[in-house]
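Here is how the chains run, residue by residue.
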Amino acid sequence: MNAVDLGVNLFVALFALVDPIGNIPIFAAATAGASLRQRLSVSVLICLFIVAFLAFFFFTGLALLQFFGISLAAFRIAGGVLLLLLGLDMTRGDFLKMFADADAAADARDVRGYARRRFQRLVVPFAMPLLIGPGAISTIIIQAGEAARIGPAGQAAGLVAIGAAGLATFACFAATGPISRLLGDVGMAIIVRVLGLILCALAVQFILLGLSEAIPGMFSGAVTAPYPDGGR
């Protein structure tokens, strides 16, 4: 694998794992009543956090886990549990209300103050672990090892891929207004519940994969890798 292949593969994997398109309904609920400038400001802060956090793990993730004596299997299991709890919350009818901000439309000119309040509220559980979950962090750590073998070009490609994933996420969130108006409240609620079900299944898959790594032979390959040929 060369640097270009690593960068492309990492970008595709991160975009799929962060899934900004699937998370637009939640972001729309979290910024309901906000002006365009307020929503864009929140998007910028969240995407900067994503890029900074992923870049941090790209360079220090494996060493950090080693420092605390945490195996990748344990990290997968812990992250899977968090995602499972979040997925269960998303299937509830009042999930979107927990992100609501009654003061959103109080002053459309208060861009920085609103963005700061919303960012503090959305760091957990929206930015992490919903956007940056165990899958994204595990992928970053694994690809960081591959980038180290390639050399400086591989590390540069990894950083470019992380930045591109952040820009793509910002572009998706910037289009929240038209998409939320198209879907309406009912459509967004349906998408969030379906996303919650998928997230629960993904969380269980992370837990199963972590357990299979911690206890080899505990599960069959059909459980931990159900589609080895890509589903074909």
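## A short note on the overall build of the protein
Each helix and strand in the protein was counted, giving nine helices and zero strands. If you list the helices and strands of the protein from N to C, you get α-α-α-α-α-α-α-α-α. Each of the 232 residues in the protein was classed as buried or not, and the buried ones make up 44%. Sequence separation of at least 24 residues holds for 84% of the intrachain contacts in the protein that already meet a minimum separation of 6. If you sum the accessible surface of the protein, you get close to 11,600 Å²; carbon and sulfur atoms cover 69% of it.

## Digging into the packing of helix α3 (residues 36–68) against helix α7 (residues 152–174)
Contact pair α3 / α7: the axes reach a minimum separation of 9 Å and the direction vectors enclose 160°. When the axes of α3 and α7 are compared, the pair comes out roughly antiparallel. At the point where α3 passes α7, the crossing takes the right-handed sense. Contacts between α3 and α7 involve R39, L40, S43, V44, I46, C47, I50, V51, L54, A55, F58 and F59 from the former and G154, Q155, G158, L159, I162, G163, G166, T169, F170, F173 and A174 from the latter.

## Overview of the packing of aromatic side chains
This structure, assessed with the given rule, holds 10 aromatic pairs. Geometrically, the ring pair formed by F27 and F173 is stacked, given 4.5 Å between the ring centres and 10° between the ring planes. In this pair, F27 sits in helix α2 (residues 24–30) while F173 sits in helix α7, placing the two residues 146 residues apart along the sequence. Accessibility expressed as a relative area gives 0% for F173, which makes it buried. Judged by centre distance (5.1 Å) and plane angle (85°), the ring pair of F67 and F68 falls under edge-to-face. Of the residues examined, F68 reaches a relative accessible area of 55% and is grouped as exposed. Through a chain of ring-to-ring contacts, the aromatic side chains of F49, F53, F56, F57 and F119 assemble into a single cluster.

## So, the nonpolar core
Membership of the largest hydrophobic core comes to 49 residues, with the highest contact counts inside it found for I46, F126 and I132. Put simply, the parts of the chain that give this core at least two residues each are α1 (3–18), α2, α3, α4 (72–90), α5 (111–131), α6 (134–150), α7 and α8 (176–214). By residue number, the principal contributor to this core is α3, which donates nine residues. Apart from the residues within four sequence positions on either side, I46 is in contact with F27, F119, L122, F126, L131 and F173.

## Some remarks on α7
Under the 1.5 Å per step criterion, the end-to-end length of α7 is 33 Å for 23 residues, consistent within 8% with the ideal 33 Å. Three or more residues of α7 are buried, namely G154, A157, G158, A161, I162, A165, G166, A168, T169, C172 and F173. Elements in contact with the buried residues of α7: α1, α2, α3, α5, α6 and α8.

## Here's the deal with the state of the cysteines
The final tally for this structure, using the stated rule, is zero disulfides. For C47, which is in no disulfide, the shortest distance to another cysteine sulfur is to C172 and amounts to 8.9 Å. C172 sits in the buried class, given a relative accessible area of 14%.

## Here's the deal with the pattern of salt bridges
The tally for this structure, following the rule as stated, stands at one salt bridge. Close ionic contact of R149 with E146 constitutes a salt bridge, the shortest N to O distance being 2.5 Å. Here R149 pairs with E146, and both are found in helix α6, just three residues apart, close to one helical turn.

Conventions and cut-offs
Residues numbered from 1 in each chain as written. Predicted model: local features only at pLDDT ≥ 70, side-chain atom pairs only at ≥ 80, totals over all residues. Heavy atoms only, no water. Helix = DSSP H or I, 4+ residues; strand = E, 2+ residues; numbered from the N terminus. Buried < 20%, exposed > 50% of the residue type's maximum accessible area, 1.4 Å probe, protein only. Contact = heavy atoms within 4.5 Å. Areas by Shrake-Rupley, 256 points an atom, 1.4 Å probe, with all protein chains shown as cover. Axes fitted to C-alpha atoms, helices over the stretch in contact; angles between N-to-C directions. Parallel < 35°, antiparallel > 145°, perpendicular 65-115°, else oblique. Left-handed = near helix turned anticlockwise from the far one by under 90°. Phe/Tyr/Trp six-rings, centres within 6.5 Å; stacked < 30°, edge-to-face > 60°. Core = buried A, V, L, I, M, F, W, Y, C linked by side-chain atoms within 4.5 Å. Expected span 1.5 Å × (residues − 1). Disulfide = S-S within 2.5 Å. Salt bridge = Lys/Arg side-chain N within 4 Å of Asp/Glu carboxyl O.

Shape descriptors only; they carry no functional weight alone.
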